[in-house]
Structure formats: structure tokens, C-alpha cells
Amino acid sequence: MVNSLKNGAQMKIQQMAFMIVAVLIFFVLVGLAFIGWQFIGIKDNFNNLQKEQAIASIRTISDMPEFNCDSRRSLCVDEDKLIVMANSSYSGFWNVASIRAYKILEKKSYLVYDSKQKNRKEFSTYVLICKKITGNYEKCDIGKLSVGVVDG
Amino acid sequence: MKSVILVSCLWGWSMVKKNKGQQEMVGFVLIVAIVLIALMVFLVISIRNKTEFKQSDDVENFVNVLMMHTTECAIVYEPDYDNVNDLIKSCYNNRKCTNLNKMACDYLNESLNQIMEKVMETDASVSAYEVDIAYENNEERSYVIPQILKGNCSGSVYGGQQLISVESGRIIALVKFCYN
């Protein structure tokens, strides 16, 4: 009788130990999943911050008098200025690896500058590419201004 | 007498065992319930994160640029072409592109579809998009043109919007991009 009671108690202790281990493993797994999820968020945030910084640089470049339509509009590039800049030798002026602009609908591209450096990363954002037609009228198209920066 | 005592002892023992078994079942059910609740909370959080969109400078720039894009539609005379912002207002006021002999809304729908197709072609990271042009005031909300949707979204959704004031309300131009 005493032996069977002892065996029963041991079984109970064993069951409880297994249960505790199972619950512990479950919470460890949940914790690992949560940490993994948080790390994905951190990586996303890092990429977003990097992109936002690049967009701010692109905005600065597009707002330069060498490119912009007029001083009142941001992210607006004059197509005539692009044509002139694409055919000029301003190579020492730019502090970036490359500058390229292209119109999305017409698939027209302007390479303003290319240092031909290999280890570079390209960032781009949407800009308005405008051209005067007659008098006060102008035609503006959706374009992208892409800037290459040396990676690492 | 001895047999009566033995039977009552056995009955008492089986009752104790039954109670223990019930306690264990209650404990097991409790653990399962806690795990289920934790899973449901996790699911709700992940689903909620997937449906809403994050603000993005890039998409915000795209919406601003899109609104200033010059269209082929001249409401009064050529070359006074409407940009997308003006074309949305013309559509809301039910006007017509006189040079194209088309209703402003039909042309707006057509050209937005065309622009979005081209954007998706040039940007490989965009797997899906959504464009909503909707009028709203304090009482109602209605689409100015049908919702433009394309692609299957399996990544992160980023959006940007612009507000256009019209009499007695406003039009919201909302663009969402799904990036892989």
C-alpha cells in the first residue's frame, strides 16, 4: 500500500515536471518568435531611415538652381536644364557617385553624371520633370531622380 | 465486518482518485485556454499590422508629383491642360475634356490606370498598388472614380495622401504601394 502510494506520488512529480518543462519550452519559443519579429522591425526601420536620408539628399539636389523649375516648387526639375547638364562636364561639382533622371511615362532618361565607381548604392525618388511649351504653359511629367552613393 | 471496512476504504480511495483526476483536467483545460488566448492576441496583432499602411516619404512624394502631372485633357481650350489635381476637381464637377470629347471622370480613370501600370513596370519592388479618389464631408463618403487596384500584396504597405478642397467637403487622393 505504502509502495503504491510512493509510486503514485513519484508519477505525479514526474508529470508536473514534464508539464513545467513543456510550458517553459512553449514560452521560450514564443519569446524567440517575438524577438525575431522585433529584429525584423529594427531592420525595416534602419532601411527606411537610410532611404529617408537619401530622399532628403535627392531633394537638396533637385532644389539646386542647376536643376529646379523655380524656387517656389520643391522636387521639380526643369527638363531643359537636365538636357544642358547631361551634355556638360560638371564632373568635379557633384559630391555623389552618379545622378540620373528619367521620365516614367515616356521612358526618356538623362544621365547627368556618372563617376563609374563600382561599389555604389542607388537611391531614387519621384520628381516632377517640367518643360515650357508656350507662354506661361508648361508640361510636367512624373519622373524619378536617382542618385548613386558610394557604399561602405 | 472486515469486508464492510475494506469496501468502504476502496470506495473512499476511488473518490479521492476521481477528485484528483478532475483537478488535473481543470488544470489542463486552463493551460489550453491560456495558450489559445495568447495565440489569438498574437494573431490579432499580426493581422492588424498587415492591414494598415505606414506613412512613407517616397509614396508621399509620388502623390504630390502625381497631382502635378499634366494630362492631355483641356477643359476650356488648348494648351491649358489640366493637371491631375484639377482633373479630379473637373471630374467631381462633372465636366468634359473638350479637346478629347471625353468626360473628365472617364479620362481620369483611364490615365490613372495607365500611370500606375507604368509605375509598376519601372519599380520592380512594387508588387501591388491601390488608388482611392474619394469625396467626403461630415455625413458621407463616396468614390469619385472606381477604386484602382492591381497585384497581390504579400509585403509591407506604404501610403501617402493629398487633400483637395471642394465646396462643402474635400476629396482625398490616397495611394498605397505594397513593397516586397
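From a predicted model like this one, the values you see are computed outputs, not experimental measurements. (Residues numbered from 1 in each chain as written. Chains lettered and ligands numbered in written order. Predicted model: local features only at pLDDT ≥ 70, side-chain atom pairs only at ≥ 80, totals over all residues.)

Another aspect to go through is the overall build of chain B. Summing up its helical and strand segments, chain B has 4 helices and 10 strands in all. Order of helices (α) and strands (β) in chain B, N terminus to C terminus: α-β-α-β-β-α-β-β-α-β-β-β-β-β. When burial is assessed residue by residue, chain B has 24% of its 180 residues classed as buried. Contacts in chain B between residues at least 24 apart in sequence constitute 52% of all its contacts with a sequence separation of at least 6. (Helix = DSSP H or I, 4+ residues; strand = E, 2+ residues; numbered from the N terminus. Buried ≥ 20, exposed ≤ 12 C-beta atoms within 10 Å, placed from the backbone. Contact = placed C-beta atoms within 7 Å.)

A few words now on the pairing of strand β5 (residues 138-150) of chain A. Residue and element names in this part refer to chain A. Sheet analysis places strand β2 (residues 98-103) next to β5, joined by 6 bridges and oriented antiparallel. The residue of β5 that forms the bridge with Ser98 is Gly148. Here strand β4 (residues 120-132) pairs with β5 via 13 bridges, running antiparallel. In the strand pairing of β5, Lys121 is matched with Val149. From the end of β4 to the start of β5, which pair antiparallel, there are 5 residues, and Gly135 there has a positive phi angle of about 50 degrees. (Pairing = 2+ DSSP bridges.)

Residues and elements named next belong to chain A. Strand order across the open sheet formed by 5 strands is β1-β4-β5-β2-β3, with mixed pairing between neighbours. Of all the strands in the sheet, just β1 (76-78) and β3 (108-114) have a single pairing partner and so form its edges. Each neighbouring strand pair of the sheet contributes to a mean axis angle of 30 degrees, computed without reference to strand direction. Where β2 meets β3, 6 bridges bridge the pair, whose relative direction is antiparallel. Residue Lys103 lies in a different strand from β3, and its bridge partner there is Lys108. Each of β1, β2, β3 and β4 touches helix α2 (residues 79-86); the most contacted strand, β3, lies at about 50 degrees to it. (Axes fitted to C-alpha atoms, helices over the stretch in contact; angles between N-to-C directions.)

Let's shift gears to the pairing of strand β9 (residues 156-166) of chain B. Residue and element names in this part refer to chain B. Here strand β1 (residues 54-55) pairs with β9 via 2 bridges, running parallel. Following the sheet pairing, Gln55 is matched in β9 by Gly159. Both β9 and strand β10 (residues 169-179) contribute to a ladder of 11 bridges, which runs antiparallel. Each bridged residue has a counterpart across the sheet, and for Ser156 the counterpart in β10 is Tyr179. In sequence, β9 turns back onto β10 through a hairpin of 2 residues, with Ser168 there showing a positive phi of about 60 degrees.

Each side of the interface is counted separately: chain A has 20 residues, and chain B has 20 residues. A breakdown of the residues in the side of chain A that touches chain B according to their chemical character gives 13 nonpolar, 2 polar and 5 charged. (Nonpolar A, V, L, I, M, F, W, Y, C, P; charged D, E, K, R; others polar.)

This part covers the environment of Ser124 of chain A. All names here are of chain A. The residue Ser124 is located in strand β4 in this model. Sequence separation between Ser124 and Lys144 is 20 residues; the distance between their C-alpha atoms is 6.3 Å. In contact with Ser124, other than residues within four places in its own chain, are Lys144, Leu145 and Ser146.

This part covers the nonpolar core. One recurring pattern in soluble globular proteins is that nonpolar side chains are buried together. Counting 58 residues, the largest nonpolar core has Val77, Val127 and Leu128 of chain A together with Ile88, Cys91 and Leu108 of chain B as its most contacted members. Residue contributions to this core peak at 8 residues, all from helix α4 (residues 104-122) of chain B. Beyond its immediate sequence surroundings of up to four residues, Val77 of chain A is in contact with Ser62, Phe67, Asn68, Cys69, Leu82, Ala101, Val127, Leu128, Ile129, Gly143 and Leu145 of chain A. (Core = buried A, V, L, I, M, F, W, Y, C linked by C-beta atoms within 7 Å.)

Residues and elements named next belong to chain A. Three or more residues of α2 are buried, namely Glu79, Leu82 and Met85. Down the axis, α2 shows its buried residues gathered within 120 degrees of arc, on one side only. Tucked into the core, α2 has its buried residues touching β1, β2, β3 and β4. (Arc of directions from axis to C-beta.)

What follows deals with α4 of chain B. Within an α-helix, residues lying three or four positions from one another point in the same direction, as the helix has 3.6 residues per turn. All names here are of chain B. Helix length check: α4 (19 residues) gives 27 Å between terminal C-alpha atoms against 27 Å at 1.5 Å per residue, within 8%. Where α4 is concerned, the buried positions are Ala104, Cys105, Tyr107, Leu108, Leu112, Ile115, Met116 and Val119. For α4, the buried positions fall inside an angular range of 155 degrees around the axis, keeping them on one side. Of the residues in α4, the exposed ones pointing more than 90 degrees away from the buried face are Gln114 and Glu121. (Expected span 1.5 Å × (residues − 1).)

With omega at 5 degrees, the peptide bond leading from Glu78 of chain B into Pro79 of chain B counts as cis. Of note, the phi angle at Lys116 of chain A is positive, near 65 degrees, even though the residue is not glycine. One non-glycine residue, Asn101 of chain B, adopts positive backbone phi at about 55 degrees. Tracing the backbone shows Asn101 of chain B in the loop between β4 (96-97) and β5 (102-103).

Residue and element names in this part refer to chain B. Contact geometry for helix α3 (residues 84-92) and α4: axes closest at 8 Å, N-to-C directions at 140 degrees. Taken together, the axis directions place α3 and α4 in an arrangement best described as oblique. Where α3 crosses over α4, the two elements pack in a sense that is left-handed. Residue-level contacts link Leu87, Ile88, Ser90 and Cys91 of α3 to Ala104, Cys105 and Leu108 of α4. Class assignment of the residues belonging to the contact of α3 with α4 gives a composition of 6 nonpolar, 1 polar and no charged. (Parallel < 35°, antiparallel > 145°, perpendicular 65-115°, else oblique. Left-handed = near helix turned anticlockwise from the far one by under 90°.)

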